[in-house]
Amino acid sequence: QKKEFLPKIASGELRLQAFGVSEPNSGTDTLSLETVAVKDGDSYVINGKKIWTSRAEHSDLMLLLAKTGNSDTPRKNWLSTFLVDMNEA
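A short tour of the structure in this document, coming up.

### Quick word on the nonpolar core
Part 1 of the argument: Grouped together as the largest cluster of nonpolar side chains are 8 residues: Ala 18, Ala 37, Ala 56, Met 62, Leu 64, Ala 66, Phe 82 and Val 84.
Part 2 of the argument: Of all elements in the fold, only strand E4 (61-67) and strand E5 (79-85) reach the threshold of two or more residues within this core.
Part 3 of the argument: Ignoring anything within four residues of it in the chain, the contact list for Val 84 reads Asp 60, Leu 61, Met 62, Leu 64 and Ala 89.

### Notes on the packing of aromatic side chains
Two aromatic rings, taken as a pair, are described by how far apart their centres are and by the angle between their planes.
Part 1 of the argument: Tallied over the full model, the rule gives 1 aromatic pair.
Part 2 of the argument: Pairing Tyr 44 with Phe 82 gives two aromatic rings, centres 5.0 Å apart and planes at 65°, and the pair type is edge-to-face. In this pair, Tyr 44 sits in strand E3 (residues 43-47) while Phe 82 sits in strand E5, placing the two residues 38 residues apart along the sequence.
Part 3 of the argument: For Tyr 44, a relative accessible area of 39% gives the class partly exposed.
Part 4 of the argument: The exposure class of Phe 82 is buried, given its relative accessible area of 13%.

### Quick notes on the environment of Val 21
Part 1 of the argument: Tracing the backbone shows Val 21 in the loop between strand E1 (16-20) and strand E2 (36-40).
Part 2 of the argument: Each residue touching Val 21, except ones within four places of it in the same chain, is listed here: Gly 27, Thr 28, Thr 30, Leu 33, Lys 50 and Leu 65.

### Things to note about unusual backbone geometry
Part 1 of the argument: Despite not being glycine, Trp 52 shows a phi value in the positive range, around 50°.
Part 2 of the argument: Structurally, Trp 52 is set in the loop between E3 and E4.
Part 3 of the argument: Unlike most non-glycine residues, Arg 55 shows phi in positive territory, near 65°.
Part 4 of the argument: Looking at where Arg 55 falls in the secondary structure, it is placed in the loop between E3 and E4.
Part 5 of the argument: Relative accessible area serves as the criterion here: at 41%, Arg 55 is assigned to the partly exposed category.

Conventions used here
- Residues numbered from 1 in each chain as written.
- Predicted model: local features only at pLDDT ≥ 70, side-chain atom pairs only at ≥ 80, totals over all residues.
- Heavy atoms only, no water.
- Core = buried A, V, L, I, M, F, W, Y, C linked by side-chain atoms within 4.5 Å.
- Buried < 20%, exposed > 50% of the residue type's maximum accessible area, 1.4 Å probe, protein only.
- Helix = DSSP H or I, 4+ residues; strand = E, 2+ residues; numbered from the N terminus.
- Contact = heavy atoms within 4.5 Å.
- Phe/Tyr/Trp six-rings, centres within 6.5 Å; stacked < 30°, edge-to-face > 60°.

Right, dumping it as C-alpha cells:
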C-alpha cells in the first residue's frame, strides 16, 4: 500500500483528508467504538457507522478506526486503522 498510495498522496493526485473516528453512540471515545473489522481471508470486512467526518466530501481516501480486538485481547491491541477508498465505500 505504501508504494501504491504514498506517491499519489504526496503529489496531490489522491486526497487523504478524512479520519473516520466519531460514531453516533461513542463520539470520540475510541475504546467504545462499535465499528468492527473482522478478518476474512486476506481482507477485512468492516461494519459500523461514522459521523462528523470532516473533509470526507473532499477526500479520495479515509483513515478509518475500527475495533479488531475483544475482551480476550489486551486493550492496547483493540483498535486498527484502515485505509479506505472513498470511491469504493
